[in-house]
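An overview of the molecular structure
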Amino acid sequence: MTIRKILTEPNKILRQISKPVKKVEDEERKLMDDMLETMYSANGIGLAAIQVGIPKRIIVLDISRKEDQKNPMFFVNPLIINKNKEQNTYEEGCLSVPDQFAEIDRPSKCEIEYLDYYGKKQILKAEGLLATCIQHEFDHLEGILFIDYLSKLKKNIIIKKLSKQKVKSDRIVV
Ligand code: GNR
Ligand code: NI
């Protein structure tokens, strides 16, 4: 397994719409393994393939947060087939928007249809943090980041900060 580089905003690649996977094969499973390792090493609870620069509709999640009780989940070509009308608010962060957090409202429950690690069709009903996370990751597949839900002013302040940090980190030569 390989830890890949996580792209951060502003980066046009993060705004691409990811393409459906035709068949879940070893190449996709290798990518999912790499994504999981990359996510764990960055202390994240979810990751979409586009965050490592691959425009495929693939998501990995592990909301267990316990080192000894890992519960990795893999979703290929997810479709949100049902959403609750009731909203839930969570303080969200994103590995592609480092060190920035904001309260975001989303449907509190959702139902998704997807292909699993082996390409088998599955249906999952999610609520709580899992539902929030799935919707956050699904947004990545559409080129959407959580900061897009903030006011223009708040979003611009965050993008400005990130641009400055980026210039700094790009100057570091290893
Ligand atoms: O690690 C993450 N935490 C998180 C917290 C609240 C809502 C969504 C998330 S997802 C995020 C990892 C990430 O950027 N996934 O795309
Ligand atoms: Ni994210």
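Scroll up to find the structure this text is about.
Not measured: the values here are computed from a predicted model.

1. Observations concerning the coordination of the nickel ion (ligand 2)
Taken together, Cys94 (SG), His136 (NE2) and His140 (NE2) make up the full set of protein donors to the nickel ion (ligand 2), lying 2.1 to 2.3 Å away. Mapping the donors of the nickel ion (ligand 2) onto the primary sequence yields the spacing C-x41-H-x3-H. Here Cys94 is found in strand 4 (residues 87-94), whereas its partner His136 is found in helix 2 (residues 128-141), with 42 residues between them in sequence. Using a relative accessible area of 9% as the deciding quantity, one classes His136 as buried.

2. Quick look at a nonpolar patch on the surface
The grouping of Leu79, Ile81 and Ile123 at the surface amounts to a nonpolar patch, some 270 Å² of accessible area in total. Topologically, Ile81 is positioned in strand 3 (residues 73-83).

3. What about the site of ligand 1?
Lining the immediate environment of ligand 1, one finds Gly44, Ile45, Gly46, Gln51, Glu91, Glu92, Gly93, Cys94, Leu95, His136, Glu137 and His140. Residue Gly46 places a main-chain N or O atom 3.1 Å away from a nitrogen atom belonging to ligand 1. One nitrogen or oxygen atom from the main chain of Leu95 is found 2.8 Å from an oxygen atom belonging to ligand 1. Its free accessible area being 380 Å², ligand 1 has 93% of it covered by the protein chains. Secondary structure elements with two or more residues in the shell around ligand 1: strand 4 and helix 2. Top contributing element to the shell around ligand 1 by residue count: strand 4, with four residues. Here the shell around ligand 1 is built from residues that sort into three nonpolar, six polar and three charged.

4. With respect to the pairing of strand 2 (residues 58-61)
Covered by surrounding structure in strand 2 are Ile58 and Val60 together with Ile59 and Leu61, the residues of both alternating faces. Across three bridges, strand 1 (residues 46-48) lies against strand 2 in antiparallel orientation. By the bridge assignment, Gly46 is partnered in strand 2 with Leu61. As paired strands, strand 2 and strand 3 are joined by four bridges and run antiparallel to one another. The residue bridging Val60 from the neighbouring strand is Phe74, located in strand 3.

5. A closer look at helix 3 (residues 152-171)
Residues separated by three or four positions in an α-helix point in the same direction, a consequence of the helix having 3.6 residues per turn. Compared with the 28 Å implied by 1.5 Å per residue over 20 residues, the 29 Å span of helix 3 between its first and last C-alpha is a close match. For helix 3, the secondary structure elements touched by its buried residues are strand 5 (97-107).

6. Focus: the nonpolar core
In this structure, Leu61, Phe75, Ile112, Leu124, Leu130 and Ile134 are the most contacted members of the largest nonpolar core, which totals 18 residues. For this core, the elements supplying multiple residues, two or more each, are strand 2, strand 3, strand 6 (109-115), strand 7 (121-127) and helix 2. The element best represented in this core is helix 2, accounting for six residues. In contact with Leu61, other than residues within four places in its own chain, are Met39, Ile45, Gly46, Asn71, Pro72, Met73, Phe75, Leu130, Cys133, Ile134 and Glu137.

So, how was this worked out
Residues numbered from 1 in each chain as written. Chains lettered and ligands numbered in written order. Predicted model: local features only at pLDDT ≥ 70, side-chain atom pairs only at ≥ 80, totals over all residues. Heavy atoms only, no water. Donors = N, O, S within 2.8 Å, 3.2 Å for Na, K, Ca; no water. Helix = DSSP H or I, 4+ residues; strand = E, 2+ residues; numbered from the N terminus. Buried < 20%, exposed > 50% of the residue type's maximum accessible area, 1.4 Å probe, protein only. Patch = residues over 30% accessible without salt bridge, like charges linked within 9 Å, V, L, I, M, F, W, Y side chains within 5 Å. Areas by Shrake-Rupley, 256 points an atom, 1.4 Å probe, with all protein chains shown as cover. Salt bridge = Lys/Arg side-chain N within 4 Å of Asp/Glu carboxyl O. Near = heavy atom within 4 Å. Polar contact = N/O pair within 3.5 Å; in protein donor to acceptor, adjacent residues only side chain to side chain. Nonpolar A, V, L, I, M, F, W, Y, C, P; charged D, E, K, R; others polar. Pairing = 2+ DSSP bridges. Expected span 1.5 Å × (residues − 1). Contact = heavy atoms within 4.5 Å. Core = buried A, V, L, I, M, F, W, Y, C linked by side-chain atoms within 4.5 Å.

Geometric values such as these leave the question of function open.
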